[in-house]
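Fold and contact review
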Amino acid sequence: MKVLTVLFCLAHFLTEPIYAQENQPQSLEVYYLPDSFMVDEAHLIQNYIHSDASVSFRSGDAFYFVVPIDSSLASSKELYFQIPNLGNLRQIWISGNKIMERTYNVNQGGRNHDLKINPEQIVYGNYLIFQYTVLMGSGEVDALTCLISTTPIEKNWSIEKIVFELPLLFYVGLTLALIIFSFTIYNSSSRQDFLWYGLYLIFLTLYLSHKSDVIITLFLTWGRYNQYVLHEVSQILINICYLFFVKTFLDTKTNYVLLNKLIDWITAALILFLLFDLFNLVSGYFIDIQSVLMNVHRGLMTLFALIGITYLIFGARDKLAYFIIVGSAWFVGGAVTTWISGAIHYMVYGAAAENLVFALGLGYKIKKLETSKREAEKRVIEARMTALRTQMNPHFIFNSLSAIKNLILQKKNKLSLKYLDKFSHLLRQILEASANQRTTLAEEINLLKLYLDIEKLRFENDFEYTINVDGSIEAQDLEVPLLMIQPFVENALVHGLLPKSKGVRRLEVVIENGDENYIHCIVEDNGVGRNSAANKKRKKLPHQQSRGVATVQQRLQLLNLIHGKESKIEIYDLVGDKGRAKGTRVVVKIAKLSN
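The next point concerns empty space enclosed by the protein. Over the atoms rolls a probe the size of a water molecule, and its path tells where empty space is left. Tallied over the full model, the rule gives 3 cavities of 30 Å³ or more. For the largest cavity, the calculated volume is near 60 Å³. Along the walls of the largest cavity sit Tyr242, Val246, Leu259, Phe304, Ala305, Gly308, Ile309, Leu312, Ile324 and Ser328, which together make up its complete lining. Within the residue set of the lining of the largest cavity, elements represented by two or more residues are α6 (224-250), α9 (289-315) and α10 (320-341). Looking at the lining of the largest cavity element by element, the count peaks at 5 residues for α9. Of the residues belonging to the lining of the largest cavity, the class tally is 8 nonpolar, 2 polar and no charged.

Next comes the structure, spelled out in structure tokens:
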């Protein structure tokens, strides 16, 4: 957008002819005529020319002025005359015994009236006489100047004019991009702060655009209503949108109660000013108090900015407040500098800086809200994981207590006491670890060893087991979900090894590096295999289902949602000669989590 703006500006300037130095317009002084001046007394005009003359005006007033021109210019076949636009302009001249006139209303031309003057419109060979009817406002003019040339003045572009236009055109290009951005976000999210930010940019751009001759000439008709809306009404709308933006961006109703009340009061006052302005616009009655009210409005907003910035500096609750502080400070600084120096560029620079800071603030707020949303979702998922873990722990405890009961029924008292001692030790570690969602891999391995030792006592050392950990794994620093491997070890023992009637029962647990993001926990047995185990389980316990593995699968799915990883379970049937089952291998792929 910035590049397009610069290219557009340069193309506009380069396509306009730049005239030679001798054709550059001359600057002429304007002399005001008193209220007693009569057009039919034009031959006495010399008596009214005074270099120190000035004129005071207000809405609806009309006043005459005269422009003396050099005789060499007066002899030209045609002249081009340009004068600042204060309102409706009427040229007066004498043709024979008749008083002639021509009216140029404000709908013709851009910022300045650009007039083509014929020789017969020159009074007494050296004077141009005009009458202005002021449309709005009031004040005093004492330094009115005009330009005159033998070529069209509107075609003459100076380096100063180009330098003046470029910042304004750059600003318009920047804000157009930001307006599209803000309304796109608003359309997709219905966020009020983006709506008010977009409207603020629109009205601010309209107000600053009327300072550019290029924009006014290309896009606007400089009429009475356009001028009034752009210069007067837009200023109030700018500040109303700014106040609503601050209100919604900072959520002042919740976070800054005093500032919220101040915004409400000032907004109400600005709405009253706006209604008064619209009444003036509709009625066409521009009274003198209008300029006073506009000054009150500007002073009120300057005071609010100073109070608001000070309040937020000392009472900021989060970083969002600093975006308002910095952005508003830039704009106020630029506006005050423009008011002191009269150079509009300072306000343009301040507005551009403010717009960028506010846009960054909105981006930061979106990121902050998305982070908060993800954290809330994470807490919900963790709560569900806690519920799943509490389902699994009773499952394991029930099986262990059943084993102790069987030993007691078999009157194996010493063995049952030893079993109970190890079980209580294991239970204590589980309960301590259950306060957290995760445990270190080293602690998980210790719990697994305790569990397997208990099961060996329970089944009278009827199986062998080994636990091998890859030497490259830092078990003390790596975190894993609590009791994530135990359900698969239990399944391997109960459903794979114990039903095996011949040969040595072996269980192997291997923990190795899968890649830089995952570890692989492998549980392998040389039991009867899944098909045989499933058939025997259906015959023995037709209505009972093991919930341990299903619970682990659900926990892994929730972990994937939290961490954005792909932890998963893979189960392989081991087959020997002639297709006979020789065991099962379970690979649990777990994402690495730093301690």
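Here helix α13 (residues 441-458) spans 26 Å end to end across 18 residues, near enough to the 26 Å set by a 1.5 Å rise per residue. Among the residues making up α13, those that are buried are Leu441, Ala442, Glu444, Ile445, Leu447, Leu448, Leu450, Tyr451, Leu452, Ile454, Glu455 and Leu457. Where α13 terminates, the next one or two residues include glutamate 460, which has phi positive at roughly 55 degrees.

Further remarks concern the packing of α13 against helix α14 (residues 486-497). Running from amino to carboxyl end, α13 crosses α14 at an angle of 20 degrees, the nearest separation of the two axes being 11 Å. The angle between the axes of α13 and α14 places the two elements in the roughly parallel class. Every pair of crossing elements has a handedness; the one defined by α13 and α14 is right-handed. Here Leu448, Tyr451, Leu452 and Glu455 of α13 come into contact with α14, specifically with Gln486, Val489, Glu490 and Leu493. Here the contact of α13 with α14 is composed, by residue class, of 5 nonpolar, 1 polar and 2 charged.

Tracing the chain through its elements places isoleucine 313 in helix α9. Exposure remark for isoleucine 313: the relative accessible area of 44% places this residue in the partly exposed category. Spatially, the C-alpha atom of isoleucine 313 lies 7.3 Å from that of isoleucine 325, the residues being 12 residues apart in sequence.

Moving on, we come to the nonpolar core. One finds Leu208, Tyr242, Phe245, Leu250 and Ile324 to be the most contacted residues of the largest nonpolar core, which totals 53 residues. Of all the secondary-structure elements, those providing two or more residues to this core are α3 (159-189), α4 (192-209), α6, α8 (257-283), α9, α10 and α11 (345-409). In contact with isoleucine 324, not counting residues within four places along its chain, are Tyr242, Phe245, Val246, Phe249, Leu250, Leu312 and Phe358. Counting 47 residues, the second largest nonpolar core, distinct from the first, contains Leu407, Tyr419, Ile445 and Leu559.

What follows covers the pattern of salt bridges. A complete count under the given rule lists 8 salt bridges for this structure. Close ionic contact of aspartate 264 with lysine 247 constitutes a salt bridge, the shortest N to O distance being 2.8 Å. With a gap of 17 residues between them, aspartate 264 in helix α8 and lysine 247 in helix α6 connect regions that are remote in the sequence. Residue class for aspartate 264 comes out partly exposed when judged on its relative accessible area of 35%. Arginine 505 is the partner of aspartate 462 in a salt bridge, and the nearest nitrogen-oxygen pair spans 2.4 Å. Placement of the pair is aspartate 462 in the loop between α13 and β13 (464-469) and arginine 505 in the loop between α14 and β15 (506-513), with a sequence separation of 43 residues.

When strand β17 (residues 568-575) meets strand β18 (residues 581-591), the two strands line up antiparallel, connected through 8 bridges. In the sheet register, glutamate 570 faces β18, and the bridge partner there is valine 587. Where β17 folds back on β18, the antiparallel hairpin that results is connected by 5 residues, among which lysine 578 adopts a positive phi of roughly 60 degrees.

With that out of the way, let us pick up the pairing of β18. Counting buried residues along β18, 8 of its 11 residues qualify, which places the element largely inside the surrounding structure. For strand β16 (residues 518-525) and β18, the ladder comprises 8 bridges, and the chain directions are antiparallel. From the neighbouring strand, aspartate 525 faces β18, where its bridge partner is threonine 584.

Here is what the cut-offs are and how they apply
- Residues numbered from 1 in each chain as written.
- Predicted model: local features only at pLDDT ≥ 70, side-chain atom pairs only at ≥ 80, totals over all residues.
- Heavy atoms only, no water.
- 1 Å grid on protein atoms, 1.4 Å probe; cavity = no way out; pocket = protein on both sides within 12 Å on 5 of 7 lines; lining within 4 Å.
- Points joined across faces, edges and corners; volume = space filled by probe spheres on them.
- Helix = DSSP H or I, 4+ residues; strand = E, 2+ residues; numbered from the N terminus.
- Nonpolar A, V, L, I, M, F, W, Y, C, P; charged D, E, K, R; others polar.
- Expected span 1.5 Å × (residues − 1).
- Buried < 20%, exposed > 50% of the residue type's maximum accessible area, 1.4 Å probe, protein only.
- Axes fitted to C-alpha atoms, helices over the stretch in contact; angles between N-to-C directions.
- Parallel < 35°, antiparallel > 145°, perpendicular 65-115°, else oblique.
- Left-handed = near helix turned anticlockwise from the far one by under 90°.
- Contact = heavy atoms within 4.5 Å.
- Core = buried A, V, L, I, M, F, W, Y, C linked by side-chain atoms within 4.5 Å.
- Salt bridge = Lys/Arg side-chain N within 4 Å of Asp/Glu carboxyl O.
- Pairing = 2+ DSSP bridges.

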